[in-house]
Amino acid sequence: FGFEHDVDMIGSHGMETRDRAMDPLDADEHERLAALDTLAVEASERAGDGAWVERKPASVVLHVRAAQPERRREAIDHLRSESAHIDGATLKAGSNVLEAFARHADKGTALMHLANELSAATTVFVGDDVTDEEAFARLSRTDVAIKVGDAATIAPHRLADPEAVLVFLHTLAQR
């Protein structure tokens, strides 16, 4: 795009950046993550074929989009209910996914931390996930929040799909 070095990337809901690896989990967080992993596998088995568990450095994600529709809700509800018994665990729901965290993190807090660190006059945040609403909610009137797709959002701007995001980024880079 021509601005590769001016773009900061944040991963794992703010726990990782391009320049900084995530702080290692402590013993309690490791134990919590292992327990959440076990619950996510159980929930995936309840959902049946098409469900799977994604493992991240501090969380596990139950994906049920490709599972049988009548079993999706049961699996997500099972993970939500059982995770409530794990002290310190937090959950984030998405579109046919539920992410269980061993360490709290959110995109809004991460975005504000980065903006303050950079003394940014304007922040542009483009997102297509339910959890991106956390970041949209933290932006000010001088920032730009863009929702990708047609799902409900608080973002004042919208792009139709990833191809439209690419066009937007090319246009932004040219200016």
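Residues numbered from 1 in each chain as written. Predicted model: local features only at pLDDT ≥ 70, side-chain atom pairs only at ≥ 80, totals over all residues. Heavy atoms only, no water.

Trainee: Just checking my understanding: could you explain the sheet that holds strand E7 (residues 124-127) for this structure?
Mentor: Sheet strands pair via backbone hydrogen bonds, and the direction of the pair is either parallel or antiparallel. With respect to topology, three strands assemble into an open sheet ordered E7-E8-E9, the strand pairing being parallel. The outermost strands of the open sheet, each flanked by one partner alone, are E7 and strand E9 (157-159). Within the sheet, the average angular offset between the axes of one strand and its neighbour, ignoring direction, is 25°. For strand E8 (residues 144-148) and E9, the ladder comprises three bridges, and the chain directions are parallel. Its bridge partner lying in E9, Val148 is registered against Leu159. (Pairing = 2+ DSSP bridges. Helix = DSSP H or I, 4+ residues; strand = E, 2+ residues; numbered from the N terminus. Axes fitted to C-alpha atoms, helices over the stretch in contact; angles between N-to-C directions.)

Trainee: Help me out: how do you make sense of the environment of Lys92 in this one?
Mentor: Mapped onto the fold, Lys92 is located in strand E5 (residues 90-93). With a relative accessible area of 10%, Lys92 lands in the buried category. Sequence separation between Lys92 and Ala105 is 13 residues; the distance between their C-alpha atoms is 10.0 Å. Apart from residues lying up to four places away in sequence, Lys92 is in contact with His13, Val97, Leu98, Glu99, Phe101, His104, Ala105, Asp106, Thr131 and Glu134. Polar contacts involving the side chain of Lys92 include one to the side chain of Glu134, which spans 2.7 Å. (Buried < 20%, exposed > 50% of the residue type's maximum accessible area, 1.4 Å probe, protein only. Contact = heavy atoms within 4.5 Å. Polar contact = N/O pair within 3.5 Å; in protein donor to acceptor, adjacent residues only side chain to side chain.)

Trainee: Would you take a moment to explain the side chain of Ser83 for this structure?
Mentor: Mapped onto the fold, Ser83 is located in helix H2 (residues 69-83). With residues near it in sequence (within four places) discarded, Ser83 still touches Leu36, Leu39, Ala89, Leu91 and Ala100.

Trainee: What's the story with the nonpolar core in this structure? I'm lost.
Mentor: Within soluble globular proteins, side chains that are nonpolar tend to cluster in buried spots. In this structure, Val60, Leu62, Val64 and Leu79 are the most contacted members of the largest nonpolar core, which totals 25 residues. Taken together, the elements giving at least two residues each to this core come down to helix H1 (27-47), strand E4 (59-63), H2 and strand E6 (97-101). A per-element tally of this core places H1 first, with six residues. In contact with Leu62, not counting residues within four places along its chain, are Ala40, Ala43, Ser44, Trp52, Ala75, Ile76, Leu79, Asn96, Val97 and Leu98. In this structure, Met112, Leu139, Ala145 and Ala155 belong to the second largest nonpolar core, which totals eight residues. (Core = buried A, V, L, I, M, F, W, Y, C linked by side-chain atoms within 4.5 Å.)

Trainee: Please explain a negative patch on the surface as it appears in this structure.
Mentor: A contiguous patch of negative charge, built from Asp26, Asp28, Glu31 and Asp87, is present on the exposed surface. Looking at the secondary structure, you find Asp28 in helix H1. Asp28 sits in the exposed class, given a relative accessible area of 54%. (Patch = residues over 30% accessible without salt bridge, like charges linked within 9 Å, V, L, I, M, F, W, Y side chains within 5 Å. Areas by Shrake-Rupley, 256 points an atom, 1.4 Å probe, with all protein chains shown as cover. Salt bridge = Lys/Arg side-chain N within 4 Å of Asp/Glu carboxyl O. Lys, Arg positive; Asp, Glu negative; His and termini not counted. Charge placed at Lys NZ, Arg CZ, Asp CG, Glu CD.)

Trainee: Even after reading the chapter, I still don't get the pattern of salt bridges, so can you show me in this structure?
Mentor: When the charged atoms of two side chains with opposite charge come close together, those side chains can pair. In total, this model carries eight salt bridges according to the counting rule given. Here Lys92 ties to Glu134 by a salt bridge, and the two come within 2.7 Å at their closest N and O atoms. Taken together, the residues span a long stretch of sequence, with Lys92 in strand E5 and Glu134 in helix H4 (residues 133-138) at a distance of 42 residues. In this structure, Lys147 engages Glu133 in a salt bridge whose closest nitrogen and oxygen atoms are separated by 3.7 Å. On the criterion of sequence distance, the pair formed by Lys147 in strand E8 and Glu133 in helix H4 is long-range, its members being 14 residues apart. The burial state of Lys147 is the same as that of Glu133; both residues are buried.

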